[in-house]
Amino acid sequence: KAGVTQTPRYLIKTRGQQVTLSCSPISGHRSVSWYQQTPGQGLQFLFEYFSETQRNKGNFPGRFSGRQFSNSRSEMNVSTLELGDSALYLCASSLPGFYEQYFGPGTRLTVT
Amino acid sequence: AQSVAQPEDQVNVAEGNPLTVKCTYSVSGNPYLFWYVQYPNRGLQFLLKYITGDNLVKGSYGFEAEFNKSQTSFHLKKPSALVSDSALYFCAVRDMGSNYQLIWGAGTKLIIKP
């Protein structure tokens, strides 16, 4: 079974731009979560989707948004990028029923 | 308030010695407990979980963890550490009594010295 895939793996953007990151979960997994990881803040939860509905949301500004499609693939969008948005963005998928999550390799976003 | 604490930022252990990485939690309902490991420049990997049943759970790479309800702890252990165990370890708890939110600890850096 293929693992969680994230595209792109690396991204460089300029302040003020917007970015869209993509995540394809493991086949059969209907729950997708997004995290931001930085050296200073550790692992921060962004949002969790299940069957195209946002189930939980972390404490991030409205510039951060996400969605899930009917095939369980998910995207997250960050508008008006700030330098502080530079981070590793991780996507994780899991089976329905609150089981363990399986993580993708992440997208490394650098904002200049 | 719901929380997960990993009280040690870093744990240093000599190769061959037993290791323990600590995790305590505070949730309103029954907890689903997880441990993950992150090797440098990699995503997180699932190690083990406790949902119900035997308090001692075994996972990948020889790791195990013990659920202690009275102490609200879920410490990760391994009888004999390997240098290759050096990594960042995260404890996570899903609160089954509060919107099923998954709460993460801050992570503990484990360093195994030869």
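Below or above, wherever it landed, is the structure these notes cover.

Moving on: the sheet that holds strand 1 (residues 5-7) of chain A. All names here are of chain A. Judged by pairing direction, the sheet is antiparallel, and its 4 strands sit side by side in the order 1-3-8-7 without closing on themselves. The strands lining the two open edges of the sheet, one partner per strand, are strand 1 and strand 7 (64-68). In this sheet, adjacent strand axes meet at a mean angle of 15° when their direction is disregarded.

On to the nonpolar core, then. Ranked by size, the top nonpolar core spans 28 residues in total, and within it L19(B), W35(B), L47(B), L48(B), F74(B), L76(B) and Y89(B) carry the most contacts. Mapped onto this core, the elements with two or more residues apiece are strand 2 (10-14), strand 3 (19-21), strand 5 (31-38), strand 6 (44-50), strand 8 (64-68), strand 9 (73-78), strand 10 (87-95) and strand 12 (108-113) of chain B. With 4 residues, strand 10 of chain B is the single largest residue contributor to this core. One finds V19(A), F60(A), L81(A) and Y89(A) within the second-largest nonpolar core, a separate group that totals 21 residues.

Another point: the pattern of salt bridges. A side chain of one charge can pair with a side chain of the opposite charge when the charged atoms of the two come close. Scanning the entire structure with this criterion turns up 10 salt bridges over all chains. R63(A) is the partner of D85(A) in a salt bridge, and the nearest nitrogen-oxygen pair spans 2.8 Å. Of the two residues, D85(A) is situated in the loop between strand 8 (74-78) and strand 9 (87-94) and R63(A) in the loop between strand 6 (53-57) and strand 7; the sequence distance between them amounts to 22 residues. For D85(A), a relative accessible area of 4% gives the class buried. Taking the shortest distance from any N to any O, the salt bridge between K58(B) and E64(B) comes out at 2.9 Å. Look at K58(B) and you get exposed, because its relative accessible area is 62%. A single salt-bridge network, built from bridges that share partners, covers E48(A), R55(A) and R94(B).

Quick notes on the rules
Residues numbered from 1 in each chain as written. Chains lettered and ligands numbered in written order. Predicted model: local features only at pLDDT ≥ 70, side-chain atom pairs only at ≥ 80, totals over all residues. Heavy atoms only, no water. Pairing = 2+ DSSP bridges. Helix = DSSP H or I, 4+ residues; strand = E, 2+ residues; numbered from the N terminus. Axes fitted to C-alpha atoms, helices over the stretch in contact; angles between N-to-C directions. Core = buried A, V, L, I, M, F, W, Y, C linked by side-chain atoms within 4.5 Å. Buried < 20%, exposed > 50% of the residue type's maximum accessible area, 1.4 Å probe, protein only. Salt bridge = Lys/Arg side-chain N within 4 Å of Asp/Glu carboxyl O.

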